[in-house]
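One letter stands for each residue in the lines below.
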Amino acid sequence: MHLTLSPIRGLPGQPETVISVAGDVVTIDGVVYDLAPVPEGGRATPAPGAHPFIGAITREAGEIRATIRVVLNDTAAPDQPASPWAVTVTSGPVTIPADRIEDAAE
């Protein structure tokens, strides 16, 4: 799955977005989104409402492509590298490539 992550700064104390992938299924903050119905060369537009997707979800060369809004928590540095960030994941947790405040873990 090819994901484009579009970061936003969360409110103080707000948790960071948690994403994991298993095949054509992406779980975002505990909500499961089964993207398997998106056909090859196809395009799905998420229904209006509260969801983390930005724009259309597509399948190209067998790979799901989607843009996801991610919330950064208090450990993220105020200045981030250019975004959005592109990651490709076949299975498991997605690491959000944000720069971190060095002493945030202390």
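Scroll up for the structure.
Residues numbered from 1 in each chain as written. Predicted model: local features only at pLDDT ≥ 70, side-chain atom pairs only at ≥ 80, totals over all residues. Heavy atoms only, no water.

### Some thoughts on the nonpolar core
Formally: Residues belong to a common nonpolar core when they are buried Ala, Val, Leu, Ile, Met, Phe, Trp, Tyr or Cys residues joined through side-chain atoms within 4.5 Å. The cut-offs for exposure are 20% and 50% of the maximum accessible area for each residue type, with area from a 1.4 Å probe on protein chains only; residues under the lower value are buried, those over the upper are exposed, and the others partly exposed. Secondary structure follows DSSP: runs of H or I at least 4 residues long count as helices, runs of E at least 2 residues long count as strands, and numbering of each begins at the N terminus. Note on contacts: a residue pair is in contact if any heavy atoms of the two residues lie within 4.5 Å.
The biggest cluster of nonpolar side chains holds 24 residues, and the ones touching the most others in it are L3, L5, I19, V26, F53, I68 and V94. Going through the elements one at a time, β1 (2–9), β2 (19–22), β3 (25–28), β6 (53–60), β7 (63–72) and β8 (85–88) are the ones with two or more residues in this core. If near-sequence neighbours (up to four positions away) are discounted, I19 is found in contact with L3, L5, V26, T27, I28, I68, V70, P93 and V94.

### Quick look at the side chain of T58
We apply this condition: What qualifies as a polar contact is a pair of N or O atoms within 3.5 Å, subject to a donor-acceptor requirement within protein and to the restriction that residues adjacent in sequence count only when both atoms come from side chains.
Tracing the backbone through its elements, the reader meets T58 in strand β6. In terms of polar contacts, T58 uses its side chain to reach the side chain of E60, at 3.5 Å. If near-sequence neighbours (up to four positions away) are discounted, T58 is found in contact with V38, G42, R43, E63, I64 and R65.

### Re the sheet that holds β8
Here is the rule: Think of it this way: DSSP has to see at least two bridges between two strands before they count as a pair.
Ordered in space as β5-β6-β7-β1-β8, the five strands form an open sheet in which the pairing is mixed. Taken across any chain shown, the strands that pair with only one partner, and hence form the sheet edges, are β5 (43–44) and β8. Inspection of the sheet shows β6 paired to β7 by five bridges, in the antiparallel sense. Within β7, the residue paired with F53 across the bridge is I68.

### Considerations on the pattern of salt bridges
What counts is decided by this rule: What makes a salt bridge here is a side-chain nitrogen of Lys or Arg within 4 Å of a carboxyl oxygen of Asp or Glu, nothing more.
Within this structure, the stated rule accounts for four salt bridges. One salt bridge in this structure joins R59 and D24, with 3.0 Å as the shortest N-O distance. With R59 in strand β6 and D24 in the loop between β2 and β3, the pair connects residues that are 35 residues apart, well separated along the chain. For R59, a relative accessible area of 9% gives the class buried. The partner of E60 in a salt bridge is R65, with the nearest N and O atoms 3.4 Å apart.

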